[in-house]
Protein chains: 2
Amino acid sequence: MASKNDHQFMRAALVEAQKAFVIGEVPIGAVVVSDGRIIGRGHNLREHLNDGVAHAEIMAIEEACATMNSWRLVDCDLYVTIEPCLMCAGAIINSRLKTVYFGARDPKAGAVRSLYQVLEDPRLNHQIEVFEGVLKAQSAQIMKDFFRAARKRKK
Amino acid sequence: MASKNDHQFMRAALVEAQKAFVIGEVPIGAVVVSDGRIIGRGHNLREHLNDGVAHAEIMAIEEACATMNSWRLVDCDLYVTIEPCLMCAGAIINSRLKTVYFGARDPKAGAVRSLYQVLEDPRLNHQIEVFEGVLKAQSAQIMKDFFRAARKRKK
């Protein structure tokens, strides 16, 4: 169940999404939380870094690893505004995160609920608890606003 | 079909794997090739960088993106000694690589043949041609040597 804290951390992820929005990146944001404290923040920077790996979750995970001085983010949670893709879901597994909270689904590339459910795959060496729908409307709205503006610019 | 060139590039990936081996990292190596030229090299650096994202394929893709000054690695191929995991397979899709050649399968985490076949999933917005078994024996042997030595050290 989503709690008051979940909303607080997803709001921090939405702030990250907003940072992506204002620089023309697909507006997805993420934070990693340990013991009630944000230890990594990230937003999509694919175009600015010219790097297809630079998704919000990857940026947040790498900052969290640097904070913790460890690649094992045991007992850490990740909040992300949009359902992770295969790459990010794989990074979440590889980093041993405990729980993932996401806002809205991505029906075209989501690997947590939509196309795959890899975070709960019992064949892998680590499984992750998933909560979806935290600040879902806001997470979806910023994406809609971004793509509507992009279509307008094209015309 | 594996050609003479495939062997040449997989040997370069094996050199990367050897670099990981000598510093105590799980010995997996990768290269990205564009127009017959290596534009990115990488080996697993998870322990040294304290970063669960730092797999061989990710390192090679990020170097290739920097070389090309683009996140789109269109018409580029990736050679990797061991079957990519979910994260790396996702990064391969996100980077729009054309072809993936890998040496040996990873039955525990492989996402290209073993547990998933994500590179050829028609639901995703990009599909990738896959060739497996290029220098398979050498790719598997360096892993066996590494884990045998690790078990010895534990005793």
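Residues numbered from 1 in each chain as written. Chains lettered and ligands numbered in written order. Predicted model: local features only at pLDDT ≥ 70, side-chain atom pairs only at ≥ 80, totals over all residues. Heavy atoms only, no water.

Naming follows an unreviewed UniProt entry, where chain A appears as tRNA-specific adenosine deaminase of Lentilactobacillus fungorum. Chain A has a UniProt comment under Subunit (unreviewed entry) that states "Homodimer." In its Catalytic activity (unreviewed entry) section, UniProt records this for chain A: "adenosine(34) in tRNA + H2O + H(+) = inosine(34) in tRNA + NH4(+)". (UniProt positions renumbered as here; feature names shortened; annotations may be inferred.)

### Looking at the overall build of chain A
Check the secondary structure of chain A and you find 5 helices and 5 strands. Mapped in sequence order, the helices and strands of chain A form the string α-β-β-α-α-β-α-β-β-α. Here the C-alpha radius of gyration of chain A, 15 Å, is about what a compact globule of 155 residues would show, namely 15 Å. Taken over the C-alpha atoms alone, chain A extends approximately 50 × 30 × 30 Å along its principal axes. For chain A, the proportion of its 155 residues judged to be buried stands at 57%. Across chain A, every contact between residues at least 6 apart in sequence was considered, and the portion connecting residues at least 24 apart equals 56%. A distance of 8 Å separates the average location of the 21 positive side-chain charges in chain A from that of its 18 negative side-chain charges. (Helix = DSSP H or I, 4+ residues; strand = E, 2+ residues; numbered from the N terminus. Rg over C-alpha atoms; globule rule 2.2 N^0.38 Å. Buried < 20%, exposed > 50% of the residue type's maximum accessible area, 1.4 Å probe, protein only. Contact = heavy atoms within 4.5 Å. Lys, Arg positive; Asp, Glu negative; His and termini not counted. Charge placed at Lys NZ, Arg CZ, Asp CG, Glu CD.)

### Side note on the pairing of strand β3 (residues 76-82) of chain B
Residues and elements named next belong to chain B. Counting buried positions along β3 gives 7 out of 7 residues, so the element sits mostly inside the fold. Note: strand β1 (residues 29-34) against β3, 5 bridges, orientation antiparallel. Residue Val31 lies in a different strand from β3, and its bridge partner there is Tyr79. By the bridge criterion, 5 bridges tie β3 to strand β4 (residues 99-104) in an arrangement that is parallel. Paired with Ile82 across the strands is Ala104, a residue of β4. Handedness of the crossover joining β3 and β4 through helix α4 (residues 86-94) is recorded here as right-handed. (Pairing = 2+ DSSP bridges. Right-handed = clockwise from strand over helix to strand, strands pointing away.)

### As for the packing of aromatic side chains
Residues and elements named next belong to chain A. The final tally for this structure, using the stated rule, is 11 aromatic pairs over all chains. Consider the rings of Tyr79 and Tyr101, whose centres lie 4.4 Å apart with planes at 5°: the pair is stacked. Pair noted here: Tyr79 is in strand β3 (residues 76-82) and Tyr101 is in strand β4 (residues 99-104), with a separation of 22 residues, a long-range link. By relative accessible area, which is 10% here, Tyr101 ends up buried. Within the aromatic cluster, the residues linked to one another by ring pairs are Phe9, Tyr79, Tyr101 and Phe131. (Phe/Tyr/Trp six-rings, centres within 6.5 Å; stacked < 30°, edge-to-face > 60°.)

### Here we look at the relation of the copies chain B and chain A
Comparison of the two chain copies shows a relationship of rotation about an axis with a shift along it. Rotating chain B by 180° and translating it 0.0 Å along the rotation axis places it on chain A, where the RMSD comes to 0.0 Å. The superposition operator between the copies reduces to a two-fold rotation axis. In terms of proximity to the rotation axis, the leading residue of chain B is Met87 of chain B, whose C-alpha is 2.0 Å off the axis. (Least-squares fit on C-alpha atoms with pLDDT ≥ 70 in both.)

### Describing the interface of chain B and chain A
Listed as interface residues are 30 residues of chain B and, on the opposing side, 30 residues of chain A. Interface area, chain B with chain A, both sides summed: about 2,600 Å², of which 57% is carbon and sulfur. Looking at the side of chain B facing chain A, the largest losses of area belong to Asn50, Trp71 and Tyr116 of chain B, adding up to 24% of the total buried there. Scanning the region where chain B abuts chain A turns up 0 salt bridges. Taken together, chain B and chain A are joined by 8 residue pairs in polar contact (both at pLDDT 80 or more). Listing elements by their share of the side of chain B that touches chain A, those giving two or more residues are α2 (46-49), α3 (56-68) and α4 of chain B. Broken down by element, the side of chain B that touches chain A gets its largest block of residues, 6 residues, from α4 of chain B. Looking at the side of chain B that touches chain A, its residues break down into 15 nonpolar, 7 polar and 8 charged. (Buried area = accessible area lost by both parts, 1.4 Å probe. Salt bridge = Lys/Arg side-chain N within 4 Å of Asp/Glu carboxyl O. Polar contact = N/O pair within 3.5 Å; in protein donor to acceptor, adjacent residues only side chain to side chain. Nonpolar A, V, L, I, M, F, W, Y, C, P; charged D, E, K, R; others polar.)

### Thoughts on the sheet that holds β3 of chain A
Residue and element names in this part refer to chain A. Taking strand neighbours across the sheet as the criterion, the 5 strands line up as β2-β1-β3-β4-β5 in an open arrangement whose pairing is mixed. In this open sheet, the two strands that pair with only one neighbour each are β2 (37-43) and β5 (129-132). The mean inter-strand angle of the sheet, taken between neighbouring strand axes irrespective of direction, is 15°. For strand β1 (residues 29-34) and β2, the ladder comprises 6 bridges, and the chain directions are antiparallel. (Axes fitted to C-alpha atoms, helices over the stretch in contact; angles between N-to-C directions.)

### Topic: the pattern of salt bridges
Across all of its chains, the model carries 14 salt bridges over all chains by this definition. The closest approach of N and O atoms between Glu47 of chain B and Arg46 of chain B, which form a salt bridge, is 3.6 Å. Between Arg148 of chain B and Asp145 of chain B there is a salt bridge whose closest N-O contact spans 3.6 Å. With a gap of 3 residues between them, Arg148 of chain B and Asp145 of chain B both fall in helix α5 (residues 136-154), about one helical turn apart. Salt bridges sharing partners connect three or more residues here, namely Arg105, Arg113, Glu120 and Glu132 of chain A.

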